Amino acid sequence: MTDDVSRNERIKEASDYLRGTLAEGLAEEITGAIVEDDQQLVKFHGMYLQDDRDLRPERTRKKMEKAFAFMIRVRVPGGVLSPAQWLALDQVARDYGNHTMRLTTRQTVQLHGIIKSNLKATLKEIDAALLNSIAACGDVNRNVMCGANPEQGPAHAAALELARKVSDHLTPQTPAYREIWLDGERIAGGEDNVVEPIYGKTYLPRKFKIVAAVPPSNDVDVFAHDLGFIAVLDDKGGVTGWNVTVGGGMGMTHGEEDTYPRTADLMGFCATKDAVAIAEAVVTVQRDWGDRLNRKHARLKYTIEDRGLDFFRAEVVRRAKVVVEPAKPFKFTSTGDRYGWSQAADGRSHLTLFVQNGRLFDHASAKQLSALRQIAQSHDGNFRITPNQNLIVANIPIERQTEIHWIAKEAGLLAPWSGLRRNSMACVALPTCGLALAESERYLPDLMTALDESLAAHGLSSDDIVIRMTGCPNGCARPYLAEIGLVGKGPGRYNLYLGAAFDGSRLSKLYAEDFDHNAIVAALDSVFAAYAAERQKGERFGDFTIRTGLVAATGNGRDFHANVGKQAGRAAR
Ligand code: SRM
Ligand code: SF4
């Protein structure tokens, strides 16, 4: 390895396949933290060292160590959990975590607030439920998502099967996870050539994300991911193969225009039997071609921008040794969830619940964790986490429907009337996220209450409008694909983005910078007024903001930062 590689590359290479000094650090009782290099490695095991940022000022004043605790992100390919698995996660959240379960934008569960001395016990219980957290974070393929729409029976089954196969194929092989967290024996010798046949010693240059979408639902936001498979359906709803997308991503840095969100390109069509080979080839091309010098330029989206799609496709085909045909037609209609009851093919039903920003807990007026525990204790179907931070109780027999409906209603888990709230997502941000510049999960509900008043005044209460907020520009709630995107700039201040497509196919554009609560509400109130008065029949909010010149349309890649401020009605700062 040369002198030029990033610090993370050195840490990976020296880590002995992700071991580092994690085992020693766990035993160190004097601190609730682990050393800096291990903080990078522990991500590959699905964990982040965090501290409660609300408590920082007081603890600094008292010269105390930060209030350290770990977040564990469980790997749940396709977001499907059995009731027993649900109950196990609920139990660890209460025994070791902060008494909340956090459903994420990638169909997983995060458990926050686990102190170092409880990590092994927590991971052993997760393991006993046949789950793990390996590769939920880190420079590897992360949780593989698939469409959650309960009505898409055979196609959902095909997408789930693909998600699980790809996930299994690309899971790191290192025994480090079992050794460190589950007291597994170390098997000595001969590891170098066999441990990680796909990744090698230094894994990938950066995180990598894969999804499988089933049109017409684009609930997975396929264009936001490094690699996507879009089901091509036959007349009976069966899957004939997959359109393949590459090079999507959301993350950027404020003020650095060579970082940008990007919607993925359509690379072609492949047969189902070839999809895993394609996934491996895309991953290995990125392993070999991705930028290992600059982590801000290390995602696949930049590799494709720099090398070109044709060049990239040719290399993938060469490595996978499969045929990639021209892409087939497909049509998405939305990125949201289908709330409420829907019928399964066998007479059972599914109930899609609304979980505000994915956070489940028992609060005074609604005991959500308890309600879901009650459902899980006698449920013989399963649970599906959606890519919109919601939850589906799937395959409910007819005799339990009324009871489950009332439990969910009582716990405030049925979808609200507000079209804006039904289509909302916020990232975690404060107090746990170390990168947050502003509130998100704790603030968006209040902002939406104010916006709901404005929408009601303009007769738009039940209109589906997609709104997403993040506490920084990293894009964890995919805000640049929302019709209204709010991205934290500093405490109480946000950049406002408009103009994304309702079906997730077009990015938004910066409309206003550094807005506080009142400025956001005032700016959106005038846009809502104009939308109510001037929209064309069936015209979506995002499309309207472009047609009327409020923002310019964003094409792809570098175009995200182009033509900002040139639009007619840009809000005044
Ligand atoms: Fe994310 C980092 C939370 C989905 C882009 N993300 C983080 C960290 C781990 C902060 C950190 O590095 O210290 C956040 C932990 C907060 C906390 O306290 O829990 C965090 N990301 C989340 C979750 C929980 C947001 C949520 O509210 O649901 C999502 C967990 C997904 C999962 O289960 O695997 C989550 N993150 C995303 C997505 C959306 C997606 O993948 O569909 C994105 C944008 C897509 C993409 O990757 O391009 C995303 N997260 C990032 C980035 C920017 C990456 C980049 O290319 O620049 C970071 C920062 C980084 O990697 O340096 C980040
Ligand atoms: Fe944290 Fe930023 Fe991701 Fe929000 S978008 S969870 S603030 S990294």
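Because the structure is a prediction, the values reported are computed rather than measured. (Residues numbered from 1 in each chain as written. Chains lettered and ligands numbered in written order. Predicted model: local features only at pLDDT ≥ 70, side-chain atom pairs only at ≥ 80, totals over all residues. Heavy atoms only, no water.)

Novice: Would you mind showing me how to read the coordination of the iron atom of ligand 1 here?
Specialist: Octahedral six-donor coordination of a metal ideally yields angles of 90 or 180 degrees, compared with 109.5 degrees for tetrahedral four-donor coordination. A lone protein donor binds the iron atom of ligand 1: C476 (SG), at 2.3 Å. Turning to its location among the elements, C476 is positioned in the loop between β19 (467-470) and β20 (484-490). (Donors = N, O, S within 2.8 Å, 3.2 Å for Na, K, Ca; no water. Helix = DSSP H or I, 4+ residues; strand = E, 2+ residues; numbered from the N terminus.)

Novice: Help me understand the site of ligand 2, please; the structure alone is not making it clear to me.
Specialist: As a matter of local geometry, ligand 2 sits amid C427, A429, C433, L435, A436, T470, G471, C472, N474, G475 and C476. By residue class, the composition of the shell around ligand 2 is seven nonpolar, four polar and no charged. (Near = heavy atom within 4 Å. Nonpolar A, V, L, I, M, F, W, Y, C, P; charged D, E, K, R; others polar.)

Novice: Is there a simple way to explain the sheet that holds strand β3 (residues 80-81) in this structure?
Specialist: Two strands in a sheet stick together by hydrogen bonds in their backbones, pointing the same way (parallel) or opposite ways (antiparallel). Taken in spatial order, the five strands make up an open sheet running β3-β16-β17-β12-β11, and their pairing is antiparallel. Bordering the open sheet on either side are β3 and β11 (340-343), each of which pairs with just one other strand. Relative to strand β12 (residues 349-353), β11 runs antiparallel, the two sharing four bridges. What sits directly across from W341, in β12, is L351. Running at roughly 0 degrees to β12, helix α13 (residues 401-410) makes contact with β11, β12 and β17 (391-396) of the sheet. (Pairing = 2+ DSSP bridges. Contact = heavy atoms within 4.5 Å. Axes fitted to C-alpha atoms, helices over the stretch in contact; angles between N-to-C directions.)

Novice: Explain unusual backbone geometry to me, please; I cannot follow it from the model alone.
Specialist: Phi is mostly negative for residues that are not glycine, and the peptide bonds are mostly trans. With an omega dihedral of 10 degrees, the bond running from P215 to P216 counts as a cis peptide bond. Omega for the peptide link from L430 to P431 comes to 10 degrees, which places this bond in the cis form. Even without glycine at this site, K63 takes up a positive phi of about 55 degrees. As for its position among the elements, K63 is in the loop between α4 (56-61) and β2 (68-74). Of note, Q107 is a non-glycine position whose phi angle comes to about 60 degrees, a positive value. Within the fold, Q107 resides in the loop between β4 (101-103) and β5 (109-114).

Novice: So what exactly am I meant to see when it comes to helix α11 (residues 309-320) here?
Specialist: Each α-helix winds once per 3.6 residues, and so residues spaced three or four apart point in a common direction. Between the first and last C-alpha of α11 there are 16 Å, a value that for twelve residues agrees with the 16 Å anticipated at 1.5 Å per step. Considered for burial, the residues of α11 that qualify are L309, F312, E315, V316 and A320. For α11, the buried positions fall inside an angular range of 130 degrees around the axis, keeping them on one side. Turned more than 90 degrees from where α11 packs its buried face, D310 and R318 sit exposed. Its buried side turned inward, α11 meets β9 (239-246), β10 (265-270), α9 (275-289) and α10 (300-307). Among the residues trailing α11, K321 stands out with phi positive, at a value near 55 degrees. (Expected span 1.5 Å × (residues − 1). Buried < 20%, exposed > 50% of the residue type's maximum accessible area, 1.4 Å probe, protein only. Arc of directions from axis to C-beta.)

Novice: I would appreciate a short explanation of the environment of V144 in the present structure.
Specialist: Note that V144 resides in the loop between α6 (119-128) and β6 (145-146). For V144, a relative accessible area of 1% puts it in the buried group. Between the alpha carbons of V144 and P197 there is a distance of 20 Å; along the sequence they are 53 residues apart. In this view, V144 contacts V76, P77, G78, A163, V166, S167 and I210; residues no more than four positions away in its chain are not counted.

Novice: Help me understand the nonpolar core, please; the structure alone is not making it clear to me.
Specialist: Where a protein is soluble and globular, its nonpolar side chains tend to be buried together. The biggest cluster of nonpolar side chains holds 104 residues, and the ones touching the most others in it are W86, L111, W181, F229, I278 and F312. With sequence-adjacent residues up to four places away left out, W181 is seen in contact with L26, V42, H45, M47, L119, K120, L123 and K124. Counting residues in hydrophobic clusters, the runner-up holds 34 residues, among them M448, I467, I520 and L524. (Core = buried A, V, L, I, M, F, W, Y, C linked by side-chain atoms within 4.5 Å.)

Novice: Help me out: how do you make sense of the site of ligand 1 in this one?
Specialist: Near ligand 1 you find 30 residues, and of these T104, T108, T432, C476 and R478 are the closest. Measuring from an oxygen atom of ligand 1, one finds a side-chain N or O atom of R106 at 3.0 Å. Within the side chain of K207, one N or O atom sits 2.8 Å away from an oxygen atom of ligand 1. Among the elements of the structure, β1 (47-51), β2 and β5 are those that each provide at least two residues to the shell around ligand 1. (Polar contact = N/O pair within 3.5 Å; in protein donor to acceptor, adjacent residues only side chain to side chain.)

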